[in-house]
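Architecture and fold: a report
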Amino acid sequence: MEIENLMDFHKDLIISYRVRVPNYVKNAGNFFVFRPCVLGKKAEPLESNKKKTPRRFPIELESTSLQRDEFSIEIPLGWTISEIPPGVDLKSSFASYHSKIVNKENMLVYEREYRILDPFLSSKKFDEAVKFFRCINTDEQQAGLIETK
């Protein structure tokens, strides 16, 4: 693990990890399945209002923040990428979330940015928040396919 700008409050805090995960992919017939989102969850666990009664209390997220993740997945020689999940571009009144996957030679690079603009949501924004975080959760669970030549 490497930490940059820990004591420089005028710069972004950067935490870098280098991880090797043998057998990260799962075998599925002639293909191998992988999840590009390797670490961390941005989606808040909000449950939809099944009773359809108006929410009375506001939602409080942790704080305003900007979080950027980049995961590089090395593809072994002799393997090809068959399917890459689409990127996501979400904007709401309180936050934004963007993700994309770039194929760079024998590497897949998954990049995402999560920005909380307003951590205090009125009860009227509950349905918007549920929809927003469900979309993030879907993105975090997406899988891609690779195969051997």
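Structure's up top.
Anyway, here's the lowdown on the structure attached to this text. (Residues numbered from 1 in each chain as written. Predicted model: local features only at pLDDT ≥ 70, side-chain atom pairs only at ≥ 80, totals over all residues. Heavy atoms only, no water.)

Regarding the nonpolar core
Within the largest apolar cluster, 27 residues are counted, with the highest numbers of intra-cluster contacts made by Leu61, Phe94, Tyr97, Tyr114, Phe132, Phe133 and Ile136. Going through the elements one at a time, strand S4 (31-34), strand S6 (65-74), strand S8 (88-91), strand S9 (95-104), strand S10 (107-116) and helix H1 (126-141) are the ones with two or more residues in this core. Counting residues per element, this core draws most heavily on H1, which supplies six residues. Each residue touching Tyr114, except ones within four places of it in the same chain, is listed here: Lys42, Ser65, Leu66, Gln67, Ser96, Tyr97, Phe132, Phe133 and Ile136. (Core = buried A, V, L, I, M, F, W, Y, C linked by side-chain atoms within 4.5 Å. Buried < 20%, exposed > 50% of the residue type's maximum accessible area, 1.4 Å probe, protein only. Helix = DSSP H or I, 4+ residues; strand = E, 2+ residues; numbered from the N terminus. Contact = heavy atoms within 4.5 Å.)

Observations regarding the sheet that holds S6
Sheets are built from strands paired through backbone hydrogen bonds, the pairs being either parallel or antiparallel. The four strands lie next to each other as S6-S10-S9-S8, forming an open sheet whose pairing is antiparallel. Bordering the open sheet on either side are S6 and S8, each of which pairs with just one other strand. Within this sheet the neighbouring strands show an average axis-to-axis angle of 10°, counted without direction. Alignment of S9 against S10, held across ten bridges, turns out to be antiparallel. (Pairing = 2+ DSSP bridges. Axes fitted to C-alpha atoms, helices over the stretch in contact; angles between N-to-C directions.)

A word on the packing of aromatic side chains
For any pair of aromatic rings, the description consists of the separation of the ring centres together with the inter-plane angle of the planes. With the rule as written, the count across this model stands at five aromatic pairs. Here Phe132 and Phe133 contribute two aromatic rings whose centre-to-centre distance is 5.3 Å and whose plane-to-plane angle is 80°, an arrangement assigned as edge-to-face. The exposure classification of Phe132 matches that of Phe133, with both residues buried. Among the aromatic residues, ring-to-ring pairing joins Phe94, Phe132 and Phe133 into one connected group. (Phe/Tyr/Trp six-rings, centres within 6.5 Å; stacked < 30°, edge-to-face > 60°.)

Examining the sheet that holds strand S3 (residues 26-28)
Ordered in space as S3-S4-S12-S7, the four strands form an open sheet in which the pairing is antiparallel. Each of the sheet's edge strands pairs with one partner strand only, and the pair in question is S3 and strand S7 (79-83). Pairwise comparison of adjacent strand axes, ignoring direction, gives a mean angle of 35° for this sheet. Relative to strand S12 (residues 144-148), S4 runs antiparallel, the two sharing four bridges. Bridge pairing in S12 links Val33 to Leu145.

Remarks on empty space enclosed by the protein
Counted according to the given criterion, the structure contains one cavity of 30 Å³ or more. Space inside the largest cavity adds up to approximately 40 Å³. Lining the largest cavity are Pro36, Pro85, Pro86, Gly87, Ser99, Lys100, Ile101, Tyr110, Asp139 and Gln142. In terms of residue count, S9 provides more of the lining of the largest cavity than any other element does, three residues in total. (1 Å grid on protein atoms, 1.4 Å probe; cavity = no way out; pocket = protein on both sides within 12 Å on 5 of 7 lines; lining within 4 Å. Points joined across faces, edges and corners; volume = space filled by probe spheres on them.)

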